[in-house]
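So you can see what is in the structure, the chains are spelled out below.
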Amino acid sequence: MALTGRAGMMPLPCAVNHREVCVELDLKLQEFYQNNLQETSLEGATLKGRCPFCERRGREKAGTIVVFLNAAGYFTGYFRCLSRCVPGGFAPHFARLLALDPELVPGYDPDRAPYIQQVVLPITNINQEIPKFQASITKEISDYFAGIGVGAATLAELKVGFNGRYIVYPYFQQNSCSYVARCVSHKKSGELFWHGDENFSTGGLQIFNLPDIEYCEDGTIFVVEGEENLLCLRELGFPGVAVPNAADLAEIDVARFANVRNVFLVVNNSQESEVAARSFASRLGFKARIFQWPFGQERDFNLARLARTEPGKLSETVTGMIKSARAFSPFGSPKREFRIFREELERQKSAEFQDLKTGLPGFDQALGGVHGINIIGGAPKAGKSTLAMQFATGMAARKVPVIYYDFENGRQKVYQRTIARLGKVPVASFVAGSPEGDEKERVAGAEKELRAILEYFRVVNDRKLSPEIMRRHIDFLRHESRRDDIVIVIDSLHKLPFKDFSERRTGIDAWLREFESIRDEHQAAFLVLSELNRQAEDRYDGVPHMGMFKGSGDIEYTADNALVFLPEWDPVKQSAESERVNSLWLVASREHSPGLVARYRFDYPYWGFLEE
């Protein structure tokens, strides 16, 4: 039931004894209202008394005030005169109307500051025009509103009028003056205009029935999309304000609702409106509760349409939506979190997840494959890129989607070296010359393997790469490969695009933050190549440690696995290709023990490494 004088709000049960429902009353509020009303009587959770405001306004017969005292309800302490002599509200508003000492109000906070609207209000307003619009309401307009269950008393209370062609909704400010009215056609959807000072139709000032926010101090209010929908709620007796469209919520200052305990958000049934409501709720905080329309309801369905198509069901529907509404939270529900946890466990057991292996046993055994963010630091010309290409193409050969962001070698060189490694044929043999015999067959076989690898392997040389572009690349390749898990190779971290060279350090750290987000959002694993700082005597050898990484202190916080790829040969001296052996060290890890991962011998001239 709604907040009407006929029945009152449906009580929320707080205890059940056999077939009887016990309603707990808010005793402090009950005492406050009984002390300040005459001829009171308590009927269930509803207190009734003679309205003192009717008498003050010179009415011959005082109306009845009803106060809702269900301690478990959202509208505990809400009062309203059934004769509508004053706008309804909660206890602080009642005290102001009676000029009572605010300290008498239960829960009074002497340090609470009222909301002060930071806008200069002009002298000129449209107050004098509003009664003329109200007097111009025709039977056609009355019947139009009757079709959604809204009566003349509600229209009069919100001062809704008619100008001969458009319904006029005046927008009042805190000083009880209206500077603008929204004029809407009741015949042609979308035909409307603003009458008056249009500066009050934007910038967070476009709130219909704005004074209700103050009246709902220490209570609950509705924030509704569209004036008609608010009128439906007001007919049921609920307090509320409206914005013309859900998109207007973005401009509303949430500080206006600082002294309100609960805010119900009711928007039209559309994705756009729901996104706007959730964005507003995230700014408003835990006090926000968003009404949820039933699954399968038609697009743009709203309260007014419900009242028009299913007369008599509005009160029941609103009451049900109030009960089912939950406080907005940026956190997932415990049920949802546990479901995601179980799904992630199952994903980790899947063959697809287990396929995230390089094919090099030492590496895969030490790290369990390529998962999370793996950063490999190495000296210049130590073979980092060669190792990364071997890892990437090895995974792609296992049908793992891989995006290789290359800022070092170029796409053609990546493919040529892959052919050389797969076919055990020097690059010069099939680029500068024409292989024959056994070499020709091996090149043909390697090209066939490369074609299969390219189904899952993308090389990107875009020097204007951004995190947004990277996210789109991931979505495209996951769609094309029909695989969820994906590996991103960055060659190299220090050559990622920055705005200018002076921002290199902060730019690297910003990219690392983005890698963390992409890892979590897209189930992506990263293999990132990094430069090292020179050690003593400008060398790159020594005991591997985190301090060897160049250009970012954030690597130690971002990397799930931090590795160092060090040559055991002297790059300054001439060494036989067969003597080029590098050791790969795990220097820090969230899951695995640091130490030597494996030693790799450079397989020249085939541009690959043999794991020893």
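This section reports on the structure supplied with the text.

Here is what the cut-offs are and how they apply
- Residues numbered from 1 in each chain as written.
- Predicted model: local features only at pLDDT ≥ 70, side-chain atom pairs only at ≥ 80, totals over all residues.
- Heavy atoms only, no water.
- Pairing = 2+ DSSP bridges.
- Helix = DSSP H or I, 4+ residues; strand = E, 2+ residues; numbered from the N terminus.
- Axes fitted to C-alpha atoms, helices over the stretch in contact; angles between N-to-C directions.
- Phe/Tyr/Trp six-rings, centres within 6.5 Å; stacked < 30°, edge-to-face > 60°.
- Lys NZ or Arg CZ within 6 Å of the ring centre and 35° of its normal.
- Buried < 20%, exposed > 50% of the residue type's maximum accessible area, 1.4 Å probe, protein only.
- Contact = heavy atoms within 4.5 Å.
- Polar contact = N/O pair within 3.5 Å; in protein donor to acceptor, adjacent residues only side chain to side chain.
- Core = buried A, V, L, I, M, F, W, Y, C linked by side-chain atoms within 4.5 Å.
- Salt bridge = Lys/Arg side-chain N within 4 Å of Asp/Glu carboxyl O.
- Disulfide = S-S within 2.5 Å.

**Comments concerning the sheet that holds strand β5 (residues 64-68)**
Phase 1: Ordered in space as β3-β4-β5-β6, the four strands form an open sheet in which the pairing is antiparallel. Here the strands that pair on one side only, and so sit at the sheet edges, are β3 (38-43) and β6 (78-81). Averaged over neighbouring strand pairs, the angle between their axes works out to 20° when direction is ignored.

**Quick word on the packing of aromatic side chains**
Phase 1: Taken as a whole, this structure holds 37 aromatic pairs when the rule is applied.
Phase 2: Each ring, one from F338 and one from F341, has its centre 5.9 Å from the other, and the planes form 45°; the classification is tilted. You can see F338 and its partner F341 sitting in helix α12 (residues 334-349), three residues apart, about one turn around the helix.
Phase 3: Of the aromatic side chains, those joined through ring pairs into one cluster are Y74, F75, Y78, F90, F222, F238, F264 and F291.
Phase 4: Against the face of Y144 rests R308, its NZ or CZ located 4.9 Å from the ring centre.
Phase 5: One residue, R417, lies across the ring of W607, its end atom 3.6 Å from the ring centre.

**Here we look at the pairing of β5**
Phase 1: With four of its five residues buried, β5 lies for the most part within the structure.
Phase 2: Pairing geometry for strand β4 (residues 46-50) and β5, over five bridges, is antiparallel. Paired with T46 across the two strands is F68, which belongs to β5.
Phase 3: In this sheet, β6 lies alongside β5 in antiparallel orientation, the contact comprising four bridges. Considered in β6, the bridge of F68 is made with Y78.

**Digging into the environment of E227**
Phase 1: On the secondary structure map, E227 appears in helix α8 (residues 227-236).
Phase 2: When its relative accessible area of 4% is taken as the criterion, E227 is described as buried.
Phase 3: When sequence neighbours within four positions are dropped, the list of residues in contact with E227 reads Y169, Y171, R182, F208 and A242.
Phase 4: A polar side-chain atom of E227 sits 2.8 Å from a polar atom in the side chain of R182.

**Quick look at the nonpolar core**
Phase 1: In this structure, F145 and F222 are the most contacted members of the largest nonpolar core, which totals 73 residues.
Phase 2: Excluding residues within four positions of it along the chain, F222 makes contact with F75, L233, F238, P239, G240, V241, F264, V266, F291 and I322.
Phase 3: Counting 45 residues, the second largest nonpolar core, distinct from the first, contains I376, V425, L450 and A598.

**What about unusual backbone geometry?**
Phase 1: Here the residue pair D491 and S492 is connected by a cis peptide bond, since its omega of 10° sits within 30 degrees of zero.
Phase 2: Position of S492 relative to the elements: it lies in the loop between β18 (486-491) and α20 (504-522).
Phase 3: The omega torsion of the bond from Y604 to P605 falls at 5°, within 30 degrees of zero and hence cis.
Phase 4: Positionally, P605 belongs in the loop between β22 (595-602) and β23 (609-611).
Phase 5: One non-glycine residue, K424, adopts positive backbone phi at about 50°.

**A short note on the pairing of strand β20 (residues 561-567)**
Phase 1: Where burial is concerned, most of β20 is hidden: seven out of the seven residues are buried.
Phase 2: By the alternation rule, side chains of β20 split into N561, L563, F565 and P567 and A562, V564 and L566, which are all buried.
Phase 3: The sheet contact formed by strand β15 (residues 373-378) and β20 spans five bridges and is parallel. Its bridge partner being in β20, I375 is matched across the sheet by A562.
Phase 4: In this structure, β20 lies alongside strand β21 (residues 581-589), joined through seven bridges in antiparallel fashion. Opposite P567, over in β21, you have N582 as the bridge partner.

**Observations regarding the environment of P239**
Phase 1: Of note, P239 is situated in the loop between α8 and β12 (240-243).
Phase 2: Each C-alpha atom of the pair P239 and F200 lies 22 Å from the other, and the pair is 39 residues apart in sequence.

**Some points on the pattern of salt bridges**
Phase 1: One pass over the structure, following the stated rule, counts 43 salt bridges.
Phase 2: Ionic pairing is found between E344 and R347, a salt bridge with its closest N-O pair at 2.6 Å. Taken as a pair, E344 and R347 lie in helix α12 at a separation of three residues, close to a single helical turn.
Phase 3: Judged by relative accessible area, which is 16%, R347 ranks as buried.
Phase 4: Salt-bridge contacts for R599 lead to E612; the nearest nitrogen and oxygen are separated by 2.9 Å. Within this pair, whereas R599 is found in strand β22, its partner E612 is found in the segment after β23, the two being separated by 13 residues in sequence.

**Quick word on the sheet that holds strand β14 (residues 288-290)**
Phase 1: Spatial strand order, β12-β11-β13-β14: four strands in an open sheet with parallel pairing. The sheet terminates laterally at β12 and β14, the two strands that pair on one side only. The sheet shows a mean angle of 25° between the axes of neighbouring strands, direction not considered.
Phase 2: The strands touched by helix α9 (residues 271-284) within the sheet are β11 (220-225), β13 (262-266) and β14, with β14 carrying the most contacts at an inclination of about 165°.

**A short note on the state of the cysteines**
Phase 1: Taken as a whole and judged by the stated rule, the model has zero disulfides.
Phase 2: C216 carries a free sulfur, and the closest cysteine sulfur to it, the one in C81, is 16 Å from it.
Phase 3: By relative accessible area, which is 0% here, C216 ends up buried.
Phase 4: Here C232 stays unpaired: no disulfide links it, and the sulfur of C216, its closest cysteine neighbor, is 18 Å away.

**Here's the deal with the side chain of N374**
Phase 1: Along the chain, the position of N374 falls in strand β15.
Phase 2: Overall, the relative accessible area of 0% leaves N374 in the buried class.
Phase 3: At 3.1 Å, the side chain of N374 and the backbone oxygen of H371 are in polar contact.
Phase 4: Here N561 takes part through its side chain, which lies 2.8 Å from a polar atom of the side chain of N374.
Phase 5: If sequence neighbours within four positions are ignored, N374 has contacts with L367, F526, L527, V528, N561 and L563.

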